[in-house]
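Single-letter residue listing:
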Amino acid sequence: MSKEMEAVDKVFKALADPSRRKVLDLLYANNGQPLSALCEQLNMQRQSATQHIDILINAILVTVVWKGREKLHFINPVPIYEVYERWVRKFEQNRLRFLHDLKTQLEGENDGKA
């Protein structure tokens, strides 16, 4: 398996869990949070939160920056964008093209008059 496919698999695995998606939502709303703040909002023990966050870090969805003795967590949207580009965008383009063609056809049948 290529490194690119392994990276995509890690992203899908990370996004598959609702607790990890909640971590991403929390970081999206307030980026740069320490583990203690995330644990409070997740209603889970530090060890469980750390395991979820480690999976997100491994998938490169979360990055860590040390500020003094505090470890801050930041969302990295690039892997999600790459999944979007590869798996969502191409399907969305076909749907939008169909809607555009349908609109053009319908407007052409009545010369744009309602």
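Remember, predicted model here, so these are calculated numbers, not experimental data.

### Some words on the pattern of salt bridges
1) Next: On inspection of all chains with the given rule, the structure shows two salt bridges.
2) Next: Here Glu85 makes a salt bridge to Arg89, at a shortest N to O gap of 2.9 Å. Pair noted here: Glu85 and Arg89 are both in helix H5 (residues 78-109), with a separation of four residues, about one helical turn.
3) Next: Classification of Glu85 as partly exposed rests on a relative accessible area of 27%.

### Comments concerning the side chain of Gln33
1) Next: Considering the arrangement of structural elements, one finds Gln33 in strand E1 (residues 33-34).
2) Next: What makes Gln33 buried here is its relative accessible area of 4%.
3) Next: Within the structure, the side chain of Gln33 is placed 2.9 Å from the backbone oxygen of Asn30, a separation counted as a polar contact.
4) Next: When neighbours within four sequence positions are excluded, Gln33 is seen to be in contact with Leu26, Leu27, Leu38, Gln41, Lys71, Leu72 and His73.

### Points about the environment of Asn30
1) Next: Its place among the elements puts Asn30 in the loop between helix H2 (18-29) and E1.
2) Next: Overall, Asn30 belongs to the partly exposed group, its relative accessible area being 46%.
3) Next: The spacing of Asn30 and Ser48 is 18 residues in sequence and 21 Å in space, taken between C-alpha atoms.

### Considerations on the side chain of His73
1) Next: As for its placement among the helices and strands, His73 is situated in strand E3 (residues 70-75).
2) Next: By relative accessible area, which is 3% here, His73 ends up buried.

### A word on the nonpolar core
1) Next: Judged by nonpolar contacts, the single largest core of 19 residues is most densely connected at Leu42, Leu56 and Leu61.
2) Next: Secondary structure elements with two or more residues in this core: helix H1 (3-15), H2, helix H3 (35-42) and helix H4 (46-58).
3) Next: Apart from the residues lying within four places of it in its own chain, the contact partners of Leu61 are Val11, Ala14, Leu15, Leu24, Leu56, Phe74, Ile75, Asn76, Pro79 and Ile80.

### Structural notes on the UniProt feature "domain: HTH arsR-type" (unreviewed entry) in the protein chain
1) Next: The UniProt feature table records "domain: HTH arsR-type" (unreviewed entry) at residues 1-95.
2) Next: Along residues 1-95, the helical share is 67% and the strand share 15%, with 31 Å between the first and last C-alpha atoms.

What counts, and at which threshold
- Residues numbered from 1 in each chain as written.
- Predicted model: local features only at pLDDT ≥ 70, side-chain atom pairs only at ≥ 80, totals over all residues.
- Heavy atoms only, no water.
- Salt bridge = Lys/Arg side-chain N within 4 Å of Asp/Glu carboxyl O.
- Helix = DSSP H or I, 4+ residues; strand = E, 2+ residues; numbered from the N terminus.
- Buried < 20%, exposed > 50% of the residue type's maximum accessible area, 1.4 Å probe, protein only.
- Polar contact = N/O pair within 3.5 Å; in protein donor to acceptor, adjacent residues only side chain to side chain.
- Contact = heavy atoms within 4.5 Å.
- Core = buried A, V, L, I, M, F, W, Y, C linked by side-chain atoms within 4.5 Å.
- UniProt positions renumbered as here; feature names shortened; annotations may be inferred.

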